[in-house]
Amino acid sequence: MPDLYTQLVSNPLGKLVASNVGLPQPVPLERWAPGAPVVDGQVLLGAAGGGRLAGPVAEVLALAEVAVSTELRDDLRTAAAHAHLDAAVFNPEAGGDQRFKALVFDATGIKQSAELAQLHHFFAPTVRRVQPSGRVVVLGTPPDAARSPKEAAAQRALEGFVRALGKELRHGATAHLVHVEPGAEPHLASTLRFTLSPKSAYVDAQVIRVGAGQAVPDVDWQRPLDGKVALVTGASRGIGLAIAEVLTRDGAHVVGLDVPVLGDDLRDAMDGLGGSALELDITGEDAGEQVVRHLGDEHGGVDVVVHNAGITRDKTLGRMSAEQWGLVLAINLTAEERLDDALLHASTIRRGGRIVCVSSMNGIAGAAGQTNYATSKAGVIGMVEAMAPVVAKQGLTINGVAPGFIETAMTAAMPIGPREAGRRMNSVSQGGLPVDVAEAIAWFASPASTGLNGNVVRVCGQSLLGA
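First, a word on scope: everything that follows refers to the structure included in this document. All of these numbers come straight from a predicted model, not from anything done at the bench.

Reading guide: rules and limits
- Residues numbered from 1 in each chain as written.
- Predicted model: local features only at pLDDT ≥ 70, side-chain atom pairs only at ≥ 80, totals over all residues.
- Heavy atoms only, no water.
- Helix = DSSP H or I, 4+ residues; strand = E, 2+ residues; numbered from the N terminus.
- Rg over C-alpha atoms; globule rule 2.2 N^0.38 Å.
- Buried < 20%, exposed > 50% of the residue type's maximum accessible area, 1.4 Å probe, protein only.
- Areas by Shrake-Rupley, 256 points an atom, 1.4 Å probe, with all protein chains shown as cover.
- Lys, Arg positive; Asp, Glu negative; His and termini not counted.
- Charge placed at Lys NZ, Arg CZ, Asp CG, Glu CD.
- Expected span 1.5 Å × (residues − 1).
- Arc of directions from axis to C-beta.
- Contact = heavy atoms within 4.5 Å.
- 1 Å grid on protein atoms, 1.4 Å probe; cavity = no way out; pocket = protein on both sides within 12 Å on 5 of 7 lines; lining within 4 Å.
- Points joined across faces, edges and corners; volume = space filled by probe spheres on them.
- Nonpolar A, V, L, I, M, F, W, Y, C, P; charged D, E, K, R; others polar.
- Core = buried A, V, L, I, M, F, W, Y, C linked by side-chain atoms within 4.5 Å.

1. What about the overall build of the chain?
Inference 1: Of the regular secondary structure elements, the chain holds 16 helices and 14 strands.
Inference 2: At 22 Å, the chain has a C-alpha radius of gyration in line with the 23 Å of a compact globule built from 467 residues.
Inference 3: Dimensions of the chain along its principal axes, counting C-alpha atoms only, are 65 × 55 × 45 Å.
Inference 4: Buried positions account for 54% of the 467 residues belonging to the chain.
Inference 5: About 19,600 Å² of surface is accessible on the chain, with carbon and sulfur atoms providing 55% of the total.
Inference 6: For the chain, the distance from the average site of its 39 positive side-chain charges to the average site of its 49 negative ones is 6 Å.

Following this line, the structure appears as structure tokens:
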């Protein structure tokens, strides 16, 4: 349901006033529903000369049954043919009103700054052809994997290009930069499907790194978590409940965990999803052991662990009590560390398992009155980055999401000024929904996401603060 401002500027009179005054004009974002295609429209595939990803991208698009066009270039036509794609031809010099749901550009062939002109060559005549809620996906090489300083500089330049382009796109369209390590080409499908689809509606201008990881298993893309067990903390309401719903939709049996005082809500929620409830205070000294015992006894282990539980106790630092500081850190960060320690020590997370942590934009940009909360959420990011190589040794991955302004009961209770500022201060000029956070978590949780480890992706519509 759009907020009141969005409804007002969506009617003819409101559009006229907003346009004349220069007010933001958000449009309803397209979101995914079961059975929907990955991309509802044409994808234009382009590439810099000498790139290494046009072929793998074409194969992903073919398997996803996406309609594709390319320029009339031998390398692109050959890549499409090898993937058994019946690609149409796009001629930017010709007339007509051909439009695209997505533009995908392989920039791995850019080896020095002069070659960045290929970005302009491809996008200048096409970017205004992107449809509402469309996508721009640029694929590059991680700068630290480049073979020369000049190549590293050129590949790092892609980030500035994508972030700036994200602020130019209109009508709910978004941009992404996907860094693909050399050798990680077979691990691209999960991320390309996510970034092209409506599942990434509120993810904008982020940098995602795809590494080699383990072999990618065969996946039912409609129910990738079929037969998996997922633990979701803070699952009784809000974003936690949305996460449980999406993971259930994707086939998982969800074990929802929350504090006993919310037990009634938790049981009702899990009963409705066919999941199971675990009432527990995760700050308890033996909480980790209790979770390990429950998951082992009832489910033989767990495949996905989502650290969502969190609280706020807002005060400026000079007025904040030690209790307010300590409680937020204990729940938002220390409890996650201790739970992971227990699960990893007991090998409760099965091989190929996923850990996904919920951080916050305030852990990146900070916020007045939230030194405790921002500290805890920045710590979550640090934990993801530091634990990635550790869990990889057990055949696991750990990633994080950092939500921006999400429409929840908590944000609905904010004063109108801060609430409207939070909604409008991003490139899509609106707040996100709990399902947007849940979709990003489900992408990380997928068995096909084996190449994703140590990423923290902001679900913030490209917030103007810290993004």
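2. Quick look at helix H10 (residues 287-299)
Inference 1: Taking 1.5 Å as the rise per residue, H10 with 13 residues should run 18 Å; its terminal C-alpha atoms sit 17 Å apart, in good agreement.
Inference 2: Turning to H10, its buried residues number three or more, namely Ala 287, Gly 288, Val 291, Val 292, His 294 and Leu 295. Buried residues in H10, looked at end-on, bunch into an arc of 165 degrees, giving them a common side.
Inference 3: On its buried face, H10 is in contact with strand E8 (229-233), strand E9 (253-258), strand E10 (276-279), strand E11 (302-307) and helix H11 (322-345).

3. Examining the layout of surface pockets
To find the voids left in a structure, one rolls a probe of water-molecule size over its atoms.
Inference 1: Counted as a void, the second largest pocket has a volume near 560 Å³.
Inference 2: If you trace the second largest pocket, you find 29 residues lining it, with Arg 209, Asn 453, Gly 454, Asn 455 and Val 456 closest to the centre.
Inference 3: Those elements that place two or more of their residues in the lining of the second largest pocket are helix H6 (149-168), strand E7 (206-210), helix H13 (371-392) and strand E14 (456-459).
Inference 4: At four residues, the largest contribution of residues to the lining of the second largest pocket is made by E7.
Inference 5: Considering only residue class, the lining of the second largest pocket consists of ten nonpolar, twelve polar and seven charged.

4. Structural notes on the nonpolar core
Inference 1: Val 57, Leu 61, Leu 139, Leu 196 and Leu 247 are the most contacted members of the largest nonpolar core, which totals 70 residues.
Inference 2: Of all the elements, helix H16 (residues 434-445) adds the most residues to this core, at eight residues.
Inference 3: Residues in contact with Leu 61, not counting those within four places in the same chain, are Val 43, Val 66, Val 68, Leu 85, Leu 192 and Leu 196.
Inference 4: In terms of nonpolar packing, the next biggest core, distinct from the first, is built from 35 residues, Val 229, Leu 231, Val 305 and Ala 342 among them.

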